[in-house]
Amino acid sequence: MNLDLDALIDDAETRIIVTCGSGGVGKTTTAAALGLRAAERGRKVVVLTIDPARRLAQSLGLTELDNTPRAVAEVNAKNGGRLDAMMLDMKRTFDDVVLQHATPEKAEQILANPFYQALSSSFAGTQEYMAMEKLGQLHKQAERTGEWDLIVVDTPPSRSALDFLDAPERLASLLEGRFLRLLLAPARGPFKLMSAGVNMAMSVLNKVLGAQVLTDVQTFVAAFDTLFGGFRQRAEQTVALLRESHTAFLVVASPQNDALREASYFAERLRAEGMPLAGVVLNRVTNTEAPELSAERSLAAAEKLEEADKSPLTAAVLRLHADKMQQVVGDHKRAERFRRGHRAIRTVEVPALADDVHDLTGLRQIGDLLTA
């Protein structure tokens, strides 16, 4: 079944589009191209990207992207649309959460704490959790102000596409877990009755972690204590938001076995989680302008020319064409096998381009190909 992305972005009921998939398959470009196309068709769009290479800013004609949505000036607004773009700053987002939900005194203690600084900038799962936090913030702002009617999210690059759903829960579990709670034990509640055992545990941790590290962690937990419950609650609210009918997941995959396998896992996971999968973008599929000349025929012709010691340049071109045709056949076989194995999932195939996308013209071209 074909995936109609124009119908998706034109539908006023579509409020959130999440592009996901394994790393290096074109999620960022797809998100930017869809956001631009939606804006030029009349939607008020904000694109949230988590892109360490910062290619999106260049493609959108912006000098930089940061944690604040910035207007893209060169968008054709004749249909009344607009496009803002931003890039997640996970530490700043974490800092904003602390400043919003803690007292000024507690916030100052938390922000200055070395353990918090490490947690907020480099801990596994923090980026995915903060992407969820920022999505929730943008949705609330859009509901309150009407500033945007469509949020496009480019999920974090990671080893597994499933991390976007799993990592926030893991981080929330850590922040609310028994180990960190145990660090507060000597100071409060029924744990006072077990002070000897707790002190022994602290003595062991002190030897393993070092006195200063353990002190930093304990100071962080004591200051952070009032915020623990909110993390899981907000994560659950955002996951619930992702299950609503106005959200659409787009899985992006290149026609390579690993990427397609990841797309299959993710599609199945979305189904199991009750999250709305709009379809799969089969991206960067190799095509050719001369499909009638097979790899076998091209190689045979090259060999004849080489044996006759004629036209070495033509023979080299034929060999290059043969290599490309093998890639064309392989890409289309893998894409077709994926479609046969997932007949209920809508797909759209996007051909590979000769050059990287680096401006709005390139993004418009991708948008055209996504909706062809």
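Every value quoted in this text rests on a predicted model; they were computed, and no experiment measured them. (Residues numbered from 1 in each chain as written. Predicted model: local features only at pLDDT ≥ 70, side-chain atom pairs only at ≥ 80, totals over all residues. Heavy atoms only, no water.)

Details of the pattern of salt bridges
Consideration 1: As enumerated under the stated definition, the model contains 17 salt bridges in all.
Consideration 2: For Asp-6, the salt bridge identified is with Arg-37, shortest N-O distance 2.7 Å. Here Asp-6, found in helix α1 (residues 5-10), pairs with Arg-37, found in helix α2 (residues 27-40); they are 31 residues apart in sequence, far enough to count as distant. In this structure, Asp-6 and Arg-37 share a single accessibility class: buried.
Consideration 3: For Glu-336, the salt bridge identified is with Arg-339, shortest N-O distance 3.2 Å. Linking Glu-336 with Arg-339, this pair stays in helix α15 (residues 312-341), spanning three residues, or about one helical turn.
Consideration 4: Residue classification places Glu-336 among the partly exposed residues on the basis of a relative accessible area of 33%.
Consideration 5: Connected via shared salt-bridge partners are Asp-6, Asp-10, Arg-37, Arg-41 and Asp-368. (Salt bridge = Lys/Arg side-chain N within 4 Å of Asp/Glu carboxyl O. Helix = DSSP H or I, 4+ residues; strand = E, 2+ residues; numbered from the N terminus. Buried < 20%, exposed > 50% of the residue type's maximum accessible area, 1.4 Å probe, protein only.)

Thoughts on the environment of Cys-20
Consideration 1: For Cys-20, the location among the structural elements is in strand β1 (residues 16-20).
Consideration 2: In this structure Cys-20 comes out as buried when scored by relative accessible area, which is 1%.
Consideration 3: On a C-alpha basis, the gap between Cys-20 and Thr-155 in space is 5.5 Å, while along the polypeptide they are 135 residues apart.
Consideration 4: Dropping the residues within four chain positions of it, Cys-20 is found in contact with Lys-27, Thr-155, Phe-249, Leu-250, Val-251, Val-252 and Phe-266. (Contact = heavy atoms within 4.5 Å.)

Regarding helix α6 (residues 114-122)
Consideration 1: Along α6, the residues that are buried comprise Tyr-116, Leu-119 and Ser-120. Down the axis, α6 shows its buried residues gathered within 90 degrees of arc, on one side only.
Consideration 2: A side-chain oxygen of the first residue of α6 lies 2.9 Å from the backbone nitrogen of Phe-115; this N-cap is Asn-113. (Arc of directions from axis to C-beta. Polar contact = N/O pair within 3.5 Å; in protein donor to acceptor, adjacent residues only side chain to side chain.)

Notes on the environment of Leu-353
Consideration 1: Assignment of secondary structure puts Leu-353 in the loop between β8 (347-351) and α16 (360-370).
Consideration 2: Here Leu-353 falls in the partly exposed class, since its relative accessible area comes to 31%.
Consideration 3: When the C-alpha positions of Leu-353 and Gln-365 are compared, they lie 9.7 Å apart, and in sequence the two are twelve residues distant.
Consideration 4: Residue contacts for Leu-353: discarding those within four places in its chain leaves Gln-365, Ile-366 and Leu-369.

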